[in-house]
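Commentary on secondary and tertiary structure
Residues per chain, in single letters:
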Amino acid sequence: MTDLLHSPALLATGAAGAAALLVALVVAARRGAASRGEEARPGEAPAEAEAPAAKLGTALALPKKRDSILGAGLDKTRQGFVARLSGLVRGKQIDEALLTGLEEILFTADIGARTAERLLQRVRDRLARKELQRGSAVLAALKEEARLILQRTADAAAPFDFAKVEEIGRPFVLLTIGVNGVGKTTTIGKLGAKWSQAGKKVLFAAGDTFRAAAAEQLQIWAERAHAELVRGKEGTDPSSVVFDAVKKAAPRPDGGGCDVVIADTAGRLHTKSDLMQELQKVRRVIQKAQPDAPHETFLVLDATNGQNAIAQATLFKEAVAVTGIVLTKLDGTAKGGVVLGICEELGVPVRFVGVGEKIDDLRAFDPEEFVSALFDEAIAAAEDAERA
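How each quantity is defined
Residues numbered from 1 in each chain as written. Predicted model: local features only at pLDDT ≥ 70, side-chain atom pairs only at ≥ 80, totals over all residues. Heavy atoms only, no water. Helix = DSSP H or I, 4+ residues; strand = E, 2+ residues; numbered from the N terminus. Buried < 20%, exposed > 50% of the residue type's maximum accessible area, 1.4 Å probe, protein only. Contact = heavy atoms within 4.5 Å. pLDDT = per-residue confidence, 0-100. Axes fitted to C-alpha atoms, helices over the stretch in contact; angles between N-to-C directions. Parallel < 35°, antiparallel > 145°, perpendicular 65-115°, else oblique. Left-handed = near helix turned anticlockwise from the far one by under 90°. Nonpolar A, V, L, I, M, F, W, Y, C, P; charged D, E, K, R; others polar. Pairing = 2+ DSSP bridges. Polar contact = N/O pair within 3.5 Å; in protein donor to acceptor, adjacent residues only side chain to side chain. Phe/Tyr/Trp six-rings, centres within 6.5 Å; stacked < 30°, edge-to-face > 60°. Lys NZ or Arg CZ within 6 Å of the ring centre and 35° of its normal.

Side note on the environment of A289
Relative to the elements of secondary structure, A289 occurs in helix α13 (residues 275-289). Note on A289: relative accessible area 13%, which makes it buried. Taking the C-alpha atoms as reference, A289 lies 5.9 Å from F243; in sequence the two are 46 residues apart. Excluding residues that lie within four positions of it along the chain, A289 makes contacts with F243, V246 and K247.

Next comes the structure, spelled out in structure tokens:
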């Protein structure tokens, strides 16, 4: 508030202009909160401003700025099952008969059977208590339950941020796993670039030694991300490559070493060895190089695979201690609701989502931002229709 009161633009308006501007801000805050079907929260930033919101006495704070890149990346999902939900409830009588259509949409939305049943039960319970009188209220109930699913999983896990390397010590080791074609190499490159931009020395370990193209692609990303690369000959034991990388990154008396090691792994083997056994071996060998590593193990999944991604995640989790999910290609599919199924059925938090090809299009996952990007437009449209 102090910054606002002392800004040149506000001072230039005079007392009357200042009062008018403050009133306009409060009105905008109320309208923004109403369009989302929720109250704005104190301390949230305005949708159109970069600066933190100021408290206007006891008035509502300005709404939080929406992540426009995430919103654009979820456009196909909004046009998919969210649009179907909106069309189902808009202008309809909210009763038991509506549940049949709601059930069909949820169970065909690639969110997983368990998640679909939970969302449906939420609506049933509130309908029984006569809390849902309008279509917008049904959508708001689904949004809140989706947020709770995502938030509960996020809260159960230790938070992840790029400053964590300072707490762990050097090097911080991140193991990435997943089948071929899901975007592991691109994810490694983007994560490495973020750490490099934060002033960290990054090293990539080309642990997918069964595909020559994998190491070549990682070399390109290492150059883009200003990272070092450790690779071996094609067919080399992947564990030995990762071991060498972790050892090379260790601190040295001359000040050498790296802050972060990101290890790639195979998504398919050209031998008779079992992939999951190979990944378990990689973890064991990493621990020989550094006993407390890997500090994080990210499973990379392709959102376009829908419920198949949930099945993949289940298999990997059974074999390896997965600490986080990176969901790629979210901008290219209407199956973005798979995020809900992953969190509900596996209990593993989504750490990042990919919504484009640029480095900045790998977004840290925020449950509230995600459900708002999915549901807010549909809720606002339903409210407008109800007022008309």
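Next comes the rest of the account.
Considerations on the confidence of the model for the protein chain
The predicted coordinates of low-pLDDT regions are not to be read in fine detail. Scored by pLDDT, the protein chain comes out at a mean of 80, with 80% of its residues at no less than 70. The element-level mean pLDDT for the protein chain is lowest in helix α2 (residues 8-12), coming to 35, with strand β2 (residues 202-205) highest at 97.

Description of the packing of α13 against helix α14 (residues 307-319)
The interhelical angle for the contact between α13 and α14, taken along N-to-C directions, is 45°, at an axis separation of 9 Å. On the basis of the axis angle, α13 is oblique to α14. Viewed along their axes, α13 and α14 form a crossing whose handedness is right-handed. Listed contacts from α14 to L275, M276, L279 and Q280 of α13 are L315, F316 and A319. Considered class by class, the residues forming the contact of α13 with α14 number six nonpolar, one polar and no charged.

Digging into the pairing of strand β4 (residues 260-263)
Residues V260 and I262 of β4 are buried on one face, and the alternating residues V261 and A263, pointing to the opposite face, are buried as well. Direction of pairing for strand β1 (residues 172-177) relative to β4: parallel, over a ladder of four bridges. Paired with F172 across the two strands is V260, which belongs to β4. Note that β2 and β4 share four bridges and pair parallel. Residue V202 lies in a different strand from β4, and its bridge partner there is V260.

Notes on the side chain of D110
As for its position among the elements, D110 is in the loop between α6 (96-107) and α7 (113-128). Among the polar contacts listed, one links the side chain of D110 to the backbone nitrogen of Q307, at a separation of 3.3 Å. Contacts of D110, omitting those with residues within four sequence positions, involve G306, Q307, K335, G337 and V338.

Looking at the environment of I286
With respect to the helices and strands, the residue I286 is situated in helix α13. I286 sits 41 residues away from A245 along the chain, and the two C-alpha atoms are 9.4 Å apart. Excluding residues within four positions of it along the chain, I286 makes contact with V173, L175, V242, A293 and P294.

A look at the sheet that holds β2
Strand order in the open sheet made by the eight strands is β3-β2-β4-β1-β5-β6-β7-β8, with mixed pairing throughout. At either margin of the open sheet sits one strand with a lone partner, and together these are β3 (228-230) and β8 (362-364). Within this sheet the neighbouring strands show an average axis-to-axis angle of 25°, counted without direction. Note that β2 and β3 share three bridges and pair parallel. When the bridges of β3 are listed, F204 appears paired with L229.

Remarks on the packing of aromatic side chains
Applying the stated criterion across every chain, the model contains three aromatic pairs. Seen in terms of ring centroids, F172 and W195 are 5.7 Å apart; in terms of plane orientation they differ by 55°. Their pairing is tilted. With a gap of 23 residues between them, F172 in strand β1 and W195 in helix α10 (residues 184-197) connect regions that are remote in the sequence. A relative accessible area of 0% places F172 in the buried class. Taking the ring centre of W221 as reference, the NZ or CZ of R224 above it sits at 4.7 Å.

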